[in-house]
Amino acid sequence: MSLGFARKMWALDSPTITVDASTLMYGLSGMVKIPMPAFLIEHPKGLILFDTGISPEAIEDPASVYGKDLADAIGLEGTADQRIDRQIEALGYKVSDVTHVISSHMHFDHSGGHHLFPQAIFYVGQGELAFAHHPDPIGAFAFLPDQLARLKGFDWREVPGVDLDLFGDGSVVILFMPGHTPGEQSLKVRLASRTFILTGDAVHLREALEKEYHFPIDSDTKSALQTLRRIKRIRETEDATVWITHDVDDWAEYKHAPGYYE
C-alpha cells in the first residue's frame, strides 16, 4: 500500500455548553463549559467532515430545537458565525463541496449539522443508527427524533465493527471505538507534520484518559474501558496527538480555524 497524507485539517469553532463536571468523569464537581468542535479535512480525494457539531438553528434559539428543559440544562452559548455552514464558507468552500461526513456518534451535539450535507456519503459505526432510534433510557435525551428524521434517505454507510481506511492510503482512518454508544468512532488523520487521533466521545477529558475512567453513562462500560486503553496504545505506537473533542485544555492548546495543520 502506498502511504499518503491528508493535506490540511481545520478545527471548526463551536458554541459551548455548560454541564456538571461529575457527568463527564467520576470524582469531579462544579460546572464546566465545554467546546463542541467539528473537524474539516482536505484530502486529494475529497473534503471530509468529522462530526457536524450543534444544530445551526439552535445557536440562536436553543429552545425551539431542543425544547425548554434541555435548552435550559445545557446552557448553550454561541454566535451565528459559529454555524458550521458559515465556518466552511469562511474557509473558501461551499457546503456542497463536502464529500464525506464521518459521524463519531449520533448524539445531538455531534450530529446537529448533518442535514446540511445531503450530497455527502455518511459513515456511521455498526449499530449506531439502530441505537439512536431505540436508545437506552439513561442516555435517550441525547438523541433527538426530529433531528434524526431529517436524515432519512441520506447515503449511509455502516462501518461493520472494524477500522476503515477511507482512501486506502492510511491518511484518514475511521477507528471503531465502541462503548460510549455501540457505534462510537474516532478518526485518525495523518498529515505531513503530525498524526491526530480525533476522539469524538470515546473519551471526554484528558484526566479520564490517563486514569482510564469511562464516561459515567456510557452504553457499555466494559467496551468503553477497552477503547480508552486502545487510544493510549495508538498514541504510543504511532506517536499520535490525541485531540479530545470536549476537553477544554485540548481546545486551548491546538489551532482553530482559520488556523490549520498540514
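Below or above, wherever it landed, is the structure these notes cover. Note that the coordinates shown come from a computational prediction; the quantities given were computed from them, not determined experimentally.

Here is what the cut-offs are and how they apply
Residues numbered from 1 in each chain as written. Predicted model: local features only at pLDDT ≥ 70, side-chain atom pairs only at ≥ 80, totals over all residues. Heavy atoms only, no water. Helix = DSSP H or I, 4+ residues; strand = E, 2+ residues; numbered from the N terminus. Rg over C-alpha atoms; globule rule 2.2 N^0.38 Å. Contact = heavy atoms within 4.5 Å. Areas by Shrake-Rupley, 256 points an atom, 1.4 Å probe, with all protein chains shown as cover. Lys, Arg positive; Asp, Glu negative; His and termini not counted. Charge placed at Lys NZ, Arg CZ, Asp CG, Glu CD. Phe/Tyr/Trp six-rings, centres within 6.5 Å; stacked < 30°, edge-to-face > 60°. Buried < 20%, exposed > 50% of the residue type's maximum accessible area, 1.4 Å probe, protein only. 1 Å grid on protein atoms, 1.4 Å probe; cavity = no way out; pocket = protein on both sides within 12 Å on 5 of 7 lines; lining within 4 Å. Points joined across faces, edges and corners; volume = space filled by probe spheres on them. Nonpolar A, V, L, I, M, F, W, Y, C, P; charged D, E, K, R; others polar. Pairing = 2+ DSSP bridges. Axes fitted to C-alpha atoms, helices over the stretch in contact; angles between N-to-C directions.

This part is about the overall build of the protein. From N to C terminus, the protein includes 10 helices and 13 strands. Whereas a compact globule of 262 residues would reach a radius of gyration of roughly 18 Å, the protein reaches 17 Å, a difference of no more than 12%. By sequence separation, contacts in the protein at least 24 residues apart represent 66% of the contacts at least 6 residues apart. Of the roughly 11,000 Å² of accessible surface on the protein, a fraction of 52% belongs to carbon and sulfur atoms. If you average the places of the 23 positive and of the 38 negative side-chain charges in the protein, the two averages end up 5 Å apart.

With that out of the way, let us pick up the packing of aromatic side chains. Tallying each qualifying case throughout the model produces 12 aromatic pairs. Aromatic side chains tryptophan 10 and tyrosine 93 sit 5.9 Å apart centroid to centroid with 80 degrees between the ring planes, which places their arrangement in the edge-to-face category. Taken as a pair, tryptophan 10 in strand S1 (residues 8–12) and tyrosine 93 in the loop between helix H4 (84–90) and strand S6 (100–102) lie far apart in primary sequence, 83 residues in all. Neither tryptophan 10 nor tyrosine 93 differs from the other in exposure class; each is buried. Judged by centre distance (5.0 Å) and plane angle (45 degrees), the ring pair of phenylalanine 122 and tryptophan 156 falls under tilted. Pair noted here: phenylalanine 122 is in strand S7 (residues 121–125) and tryptophan 156 is in strand S8 (residues 155–159), with a separation of 34 residues, a long-range link. Taking relative accessible area as the criterion, tryptophan 156 reaches 22% and is therefore assigned partly exposed. Following the ring pairs from residue to residue traces out a cluster consisting of Phe39, Phe196, Trp243, Trp251, Tyr254 and Tyr261.

Okay, the layout of surface pockets next. There is about 520 Å³ of room inside the largest pocket. Along its surface, the largest pocket is lined by 30 residues, and Thr23, Phe141, Ala142, Phe215 and Ile217 are the ones closest to its centre. At the level of secondary structure, the elements contributing two or more residues to the lining of the largest pocket comprise strand S2 (16–20), helix H3 (68–74) and helix H5 (108–111). Among the elements that line the lining of the largest pocket, the one with the most residues is S2, at 4 residues. Considered class by class, the residues forming the lining of the largest pocket number 16 nonpolar, 9 polar and 5 charged.

The subject of this paragraph is the pairing of strand S12 (residues 195–198). Residues of S12 alternate between two faces, with Thr195 and Ile197 on one and Phe196 and Leu198 on the opposite face, all of them buried. By the bridge criterion, 4 bridges tie strand S11 (residues 185–190) to S12 in an arrangement that is antiparallel. Across the sheet, residue arginine 190 finds its bridge partner in S12, namely threonine 195. In terms of strand pairing, S12 meets strand S13 (residues 241–243) through 3 bridges, oriented parallel. If you follow isoleucine 197 over to S13, its bridge partner there is valine 242.

So, on to unusual backbone geometry. Looking along the chain, the bond that leaves alanine 257 and enters proline 258 is cis, with omega of 10 degrees. In this structure, aspartate 51 is a non-glycine residue whose phi angle is positive, near 70 degrees. As for its placement among the helices and strands, aspartate 51 is situated in the loop between strand S5 (46–50) and helix H1 (56–60). Residue aspartate 51 is classed as buried on the basis of its relative accessible area, which comes to 1%. Despite not being glycine, glutamate 212 has its phi angle at roughly 60 degrees, a positive value. Considering the arrangement of structural elements, one finds glutamate 212 in the loop between helix H8 (206–211) and helix H9 (221–237). The class for glutamate 212 is partly exposed, based on a relative accessible area of 25%.

Structurally, the position occupied by histidine 100 is in strand S6. Using a relative accessible area of 8% as the deciding quantity, one classes histidine 100 as buried. The contact partners of histidine 100, leaving out residues within four places of it in the chain, are Lys45, Leu47, Ile48, Leu49, Ala120, Ile121, Tyr123, Leu166 and Phe167.

The pairing of strands in a sheet happens through backbone hydrogen bonds and is either parallel or antiparallel. Taking strand neighbours across the sheet as the criterion, the 6 strands line up as S1-S4-S5-S6-S7-S8 in an open arrangement whose pairing is mixed. Only two strands of the sheet have a single neighbouring strand rather than two, namely S1 and S8. Neighbour-to-neighbour, the strand axes of the sheet open up by a mean angle of 20 degrees, direction not taken into account. For S5 and S6, the ladder comprises 3 bridges, and the chain directions are parallel. Opposite phenylalanine 50, over in S6, you have isoleucine 102 as the bridge partner.

Function-wise, these values are silent; they only describe arrangement.
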